[in-house]
Number of protein chains: 2
Amino acid sequence: MELDNDQQLENAVHELSNLITTGQDDLFMNQFTSLHDFEKAQVYAELPAAIREVAWRIMDDETLATVFDNLEIDPEEIVSLLQEMPMQKGADILVAMFADNEADLLQAMPARTVSAYLALMPADEVKEIKQLINYDDETAGSLMATEYLAVKQSEKIKDVLVQVKKQAEEAESIIYVYVVDDEHRLIGVVSLRDLLTHPDEMTIDSITNTRVISVKAENDQKDVAQVVADYNFFSIPVTDDEDHLLGIVTVDDIVDVIDEEAVSDYSGMAAVDVSDTDDTAWHSAVKRIPWLLTLLVLGLASTALVGIFEHTIREAPILAAFITIIAGTAGNAGTQSLALAVRHFGNGQDQSGWRNLVSEFISAFVLAIIAGVVLGVVTLLWQGNQGLALAVGLALALSILAASLLAHLVPATLNKLNIDPAIVNGPLVATVCDWASILIYFSIATGMLSQFVGK
Amino acid sequence: MELDNDQQLENAVHELSNLITTGQDDLFMNQFTSLHDFEKAQVYAELPAAIREVAWRIMDDETLATVFDNLEIDPEEIVSLLQEMPMQKGADILVAMFADNEADLLQAMPARTVSAYLALMPADEVKEIKQLINYDDETAGSLMATEYLAVKQSEKIKDVLVQVKKQAEEAESIIYVYVVDDEHRLIGVVSLRDLLTHPDEMTIDSITNTRVISVKAENDQKDVAQVVADYNFFSIPVTDDEDHLLGIVTVDDIVDVIDEEAVSDYSGMAAVDVSDTDDTAWHSAVKRIPWLLTLLVLGLASTALVGIFEHTIREAPILAAFITIIAGTAGNAGTQSLALAVRHFGNGQDQSGWRNLVSEFISAFVLAIIAGVVLGVVTLLWQGNQGLALAVGLALALSILAASLLAHLVPATLNKLNIDPAIVNGPLVATVCDWASILIYFSIATGMLSQFVGK
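Numbering of residues begins from 1 in every chain and follows the order in which that chain's sequence is written. To label them, take the chains in the order written and letter them from A, then take the ligands in the order written and number them from 1. Residue-level local features of this predicted model are given only where pLDDT is at least 70; pairs of side-chain atoms are given and counted only at 80 or more, and the full residue set underlies all totals for whole chains, interfaces and linings. Based on all heavy atoms of the structure, the side-chain values leave hydrogens and waters out of the count.

Which entries qualify depends on this criterion: UniProt positions are given in the numbering used here, feature names are shortened, and annotations may be inferred rather than shown by experiment.
Labelled according to an unreviewed UniProt entry, chain A appears under the name Magnesium transporter MgtE, originating from Fructobacillus apis. Here is the UniProt Sequence similarities (unreviewed entry) comment for chain A, exactly as written: "Belongs to the SLC41A transporter family." As stated in UniProt under Function (unreviewed entry), the record for chain A gives "Acts as a magnesium transporter."

The structure is reproduced here in structure tokens:
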């Protein structure tokens, strides 16, 4: 039984529900426990509410914590599943969960609910979780688990292995064992592989790698993901500014981060949130409407701009034929530049921003000349009007230059204002490029009107 | 020393080069070996060619294999680094590399070079690698490593641990031990965690999970990534159609796949390859020019279409003012639909294609009505012309509907023709939407001309 499609999930849910309905609780627990952790979570969320009312009563806190650790739905939905249980049971499950997931859930609750749950937890747990909640969203601190294995230097391999075995159930990852000094400052890392392949009586010092790569709790999750992806780590330690070990970020969280960041960049480029494909048509429409209407209103400025030049169009109606190609090509060039800019800032390489801007301009300049010449020649062949050909070619070239400039300056400016450039999505930049190219085009056309009207 | 920026990398390269230049080969090897694997690769690629000529001579095959396993540059560049060494040395390094990376390199070579290298390898290695090379790009087979740990059922935990220790150096991942039958068919999986936390004298049977999730060698890498991301696995076994265990895909490869797929979808949306930000301005321009010119040529069709209606524009020049807003809004709606469609097909959920198409249409319909009414009302207030307001509002609504249809039908059709919908990038769909909306707009305007001209 693999729950890799909706039908199989539905069958499993149906089968398990039947076991509860017919009072075969033990068989239910047997089958449920044999599922993979991810599947337990899928099934639990899909059970009818009345069945869940029984299910959480017959499960121990550890099993329920596994379910809640593995739910991949909106935090708000997870919270409402948790609130199906009495407060104390909910608090016990939160305590049994991995600290990073627990913190995520608490962050999705109203302040009053958080206080209520915290009041029901042991004091040391409250202290720890309060620290985690304080880390900004999308930082290493908000991603890290506090369940890791740390030992002191000079311990014997066999003693470390005893600790590994003892903590294996609890720690999120036992692939690395971290070595700390008396003040819990991170000084090295030992791989489980090395522990297993060296004599028991040796101390860990000779297999400790002191060139341990770590991140700071306040580091951006994108940068953490980049390091983990580059180094092919299974997990990475997180420290504070004095190198005290605070927790670890595991690769499964990194996989989610990379996916999330990519989807957010991509969604921004299309002005639509693609992260939730299960939405109903109505929700999907409702979510898209605000953006489309905003763009419509912004687009009205283009209409007003063309309206200003109504007199020019009356003189030479053929000018209208070139509006879409000039605005569209400038928009395409702008979108290309924006895509590079977003990924560029996304990589956190701001220091090379100026060098990139210069590169971008040389490249936009080449593009502008080629595109302008192509459109000019085509227009000359089609309309046989040198003045018109010159006007549209020049307008296109200048519009492409303007678009490349706008696509870079707008996100760069927002970046300085600490607004995520990803929200400067493709259609928005395309709209701004429309304004610029219409202004450029009709200014040139109006200025050169005498050169091509009546010829 | 962390090599997390260019300056630190440059310093490390400079320092290591000096050691070779001054004949301190042992010190060079000491320092080089203390680097992380990813850093070894970075440094090796950046060493001056003359220094590399010495470096590969003083490194053993294992160290060089680690370097070549961890290089994250174009396969072609890796091949040229390999070809700096004699053929036999190159062949030995290939053999010492992980099989998946070895196969990737061989696939980047001309057939003649491949034959030359294979001729210098042991026969059993050649047989194994030839199988790997045969898997299609972007499948589980092309991603998998053949270095894994498999044991027979009913073995004792202590015996398995002995094998774990023995193979730990070689296997890419020892977090899971796979259990196979006499025909090497996959029947279960044991986690290293369970091996360490259960008594040595027990057999593995009681800790073997027989509900092992695996993928087939021909499965698409996107689907493999989805399973690994959902289940939070560190690695996943790959089998053939008869369940014979062939290899494993590890999470570090999955991280690369997710990144690669997201970048490719994103690049398609903007018609620019964002995967290489280190390009020179000239290369960047050259790469963008073909797309921009293609779109320019396709855009000329819009120009010709408007040209057909030159007479209509002569009668009512104000019509020109609404070209960008109608074509632009339709393009935005089309881009949103496309983004959803690309991600949708990207998730391999084709079976629900029709349901999604219907949802999409209901949502496009709602959007179309709202946008049409808004533009109609604004136009009425601005121009005080009921006929014109009706014409532009109707044209916008119909254009949005057409755009949503086109954005879905074009990739769906290409998908049936087995062309990756990701290449139907945003600007291309926007251009097609331009054609449709111009045709719709001017047809309606021409038909209703008498209703608003002279009023």
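Digging into the overall build of chain A
Basically, it comes down to this: Labels follow the DSSP assignment, with helices taken as runs of H or I lasting at least four residues and strands as runs of E lasting at least two, numbered in each case from the N terminus. Only protein chains enter the accessibility calculation, which uses a 1.4 Å probe; a residue is then buried when its area is under 20% of its type maximum, exposed when over 50%, and partly exposed in between. Two residues qualify as a contact provided that any one of their heavy atoms is within 4.5 Å of a heavy atom in the partner residue. Surface exposure here means Shrake-Rupley accessible area, sampled with a 1.4 Å probe, where a residue is shielded only by the protein chains that are shown.
Counting secondary structure elements, chain A contains 22 helices and six strands. Of all 455 residues assigned to chain A, the portion counted as buried reaches 54%. Considering only intrachain contacts with a sequence separation of at least 6, the fraction spanning at least 24 residues in chain A is 68%. Counting every atom, chain A has about 19,300 Å² of accessible surface; 55% of that belongs to carbon and sulfur.

Brief notes about the pattern of salt bridges
Residue and element names in this part refer to chain A. What counts is decided by this rule: Each reported salt bridge corresponds to a side-chain nitrogen of Lys or Arg within 4 Å of a carboxyl oxygen of Asp or Glu.
Taken as a whole and judged by the stated rule, the model has 22 salt bridges over all chains. Here Lys156 makes a salt bridge to Glu201, at a shortest N to O gap of 3.3 Å. Separated by 45 residues along the polypeptide, Lys156 in the loop between strand E1 (150-152) and helix H12 (157-167) and Glu201 in the loop between helix H13 (192-197) and strand E4 (215-216) bring together distant segments of the chain. Take Lys156: its relative accessible area is 33%, and that puts it in the partly exposed class. Residues Glu201 and Lys158 are paired through a salt bridge, measuring 2.9 Å at the closest nitrogen-oxygen approach. Of the two residues, Glu201 is situated in the loop between H13 and E4 and Lys158 in helix H12; the sequence distance between them amounts to 43 residues. Residue class for Lys158 comes out partly exposed when judged on its relative accessible area of 33%.

Here's the deal with the environment of B:Gln451
Residue and element names in this part refer to chain B. Secondary-structure assignment places Gln451 in helix H22 (residues 449-452). Remark: the alpha-carbon pair of Gln451 and Leu388, spanning 63 residues in sequence, is separated by 7.7 Å. Residues contacting Gln451, with those up to four places away along its chain left out, are Asn385 and Gly387.

Looking at the sheet that holds strand E5 (residues 235-239) of chain A
Residue and element names in this part refer to chain A. Selection rule: Strands qualify as paired when DSSP identifies two bridges or more between them.
Pairing within the open sheet is mixed, and its three strands lie in the order E4-E5-E6. Both outer strands of the open sheet, E4 and strand E6 (245-250), are each paired with one neighbouring strand and no more. Pairing of E5 with E6 involves five bridges; the strand directions are antiparallel. Looking at the pairing, Val238 lines up with Gly247 of E6.

Some details on helix H10 (residues 123-134) of chain A
Since the α-helix advances by 3.6 residues per turn, residues separated by three or four positions end up pointing in the same direction. Residue and element names in this part refer to chain A. Threshold: Between the first and last residue of a helix there are one fewer steps than residues, each counted as 1.5 Å, and that sum is the expected span. This arc describes the spread of directions from the helix axis toward the C-beta atoms.
Given a rise of 1.5 Å per residue, 12 residues ought to cover 16 Å, and the 17 Å separating the end C-alpha atoms of H10 matches this to within 8%. Residues Glu125, Val126, Ile129 and Leu132 constitute the buried set of H10. Angularly, the buried residues of H10 cover 125° about the axis, an arc narrow enough to put them on a single face. Looking at H10, the residues exposed on the side facing more than 90 degrees away from the buried face are Ala123, Asp124, Lys127, Gln131 and Asn134. Buried-residue contacts for H10 involve helix H7 (87-96), helix H8 (99-107), helix H9 (111-119) and helix H11 (140-143).

Some details on the nonpolar core
What tends to happen in soluble globular proteins is that the nonpolar side chains get buried as a cluster. Defined as follows: Note on terminology: a nonpolar core comprises buried Ala, Val, Leu, Ile, Met, Phe, Trp, Tyr and Cys residues joined through side-chain atoms within 4.5 Å.
By size, the foremost hydrophobic cluster in this structure holds 154 residues, and its most contacted members are A:Phe28, A:Tyr44, A:Phe68, B:Phe28, B:Tyr44 and B:Phe68. When neighbours within four sequence positions are excluded, B:Tyr44 is seen to be in contact with B:Phe32, B:Arg52, B:Ala55, B:Trp56, B:Met59, B:Leu64, B:Val67, B:Phe68 and B:Met85. A:Val306, A:Ala333, B:Ile326 and B:Val392 belong to the second largest nonpolar core, which has 79 residues in total.

A word on the UniProt feature "transmembrane region" (unreviewed entry) in chain A
Residues and elements named next belong to chain A. Here the UniProt-annotated "transmembrane region" (unreviewed entry) positions come out as residues 289-309, 316-341, 361-381, 388-408 and 428-449. Secondary structure content for residues 388-408 is 100% helix and 0% strand, while the C-alpha to C-alpha distance between its ends is 30 Å. Spanning residues 428-449, this segment combines 95% helix with 0% strand, and its end C-alpha atoms are found 31 Å apart.

Structural notes on the sheet that holds strand E5 (residues 235-239) of chain B
All names here are of chain B. Pairing is mixed in the open sheet, where three strands are placed in the order E4-E5-E6. Looking at which strands have only one partner, the edges of the open sheet turn out to be strand E4 (215-216) and strand E6 (245-250). As judged from the two bridges shared by E4 and E5, these two strands associate in the parallel manner. Its bridge partner being in E5, Lys216 is matched across the sheet by Thr239.

Things to note about the packing of helix H7 (residues 87-96) of chain B against helix H9 (residues 111-119) of chain B
A packed helix pair is summarised by two numbers, namely the angle formed by the two axes and the spacing between the axes. Residue and element names in this part refer to chain B. The criterion, for reference: Note on geometry: axes are C-alpha line fits, over the in-contact stretch for helices, and angles between N-to-C directions span 0 to 180 degrees. With respect to orientation, any angle under 35 degrees is reported as roughly parallel, any angle over 145 as roughly antiparallel, any angle of 65 to 115 as roughly perpendicular, and every other angle as oblique. The residue classification treats Ala, Val, Leu, Ile, Met, Phe, Trp, Tyr, Cys and Pro as nonpolar and Asp, Glu, Lys and Arg as charged. All others, Gly included, are polar.
The N-to-C vectors of H7 and H9 enclose an angle of 80°; their axes lie 8 Å apart at closest approach. In this view, H7 runs roughly perpendicular relative to H9, as classed from their interaxial angle. Across the interface between the two elements, Met87, Gly90, Ala91 and Leu94 from H7 touch Thr113, Ala116 and Tyr117 from H9. Taken together, the residues that form the contact of H7 with H9 break down as five nonpolar, two polar and no charged.

Observations concerning the confidence of the model for chain A
Keep this limit in mind: The quantity known as pLDDT measures the predictor's confidence residue by residue, on a range of 0 to 100.
In this model, chain A carries an average pLDDT of 85, and 88% of its residues clear a pLDDT of 70 or more. The low-confidence segment residues 346-351 of chain A, where pLDDT is below 50, has seven contacts with residues more than four positions distant or belonging to other chains.

Remarks on empty space enclosed by the protein
Short version of the rule: Lining residues are those with an atom within 4 Å of a point, where the points come from a 1 Å grid over the protein atoms alone and group into cavities, where a 1.4 Å probe fits but cannot get out, or pockets, open sets with protein on both sides within 12 Å along at least five of seven lines. Grid points are joined across faces, edges and corners, and a volume is the space filled by probe spheres set on the points.
Applying the stated criterion to the full structure yields four cavities of 30 Å³ or more. Volume-wise, the largest cavity comes out at about 550 Å³. The wall of the largest cavity is formed by 37 residues, among which A:Gly328, A:Ala430, B:Gly328, B:Asn332 and B:Ala430 lie closest to the centre. Going through the elements one at a time, helix H16 (281-308), helix H18 (323-346) and helix H21 (426-447) of chain A together with helix H16 (281-308), helix H18 (323-346) and helix H21 (426-447) of chain B are the ones with two or more residues in the lining of the largest cavity. Looking at the lining of the largest cavity, the element that brings in the most residues is H18(A), giving nine residues. When the residues that make up the lining of the largest cavity are grouped by side-chain class, the tally is 15 nonpolar, 20 polar and two charged.

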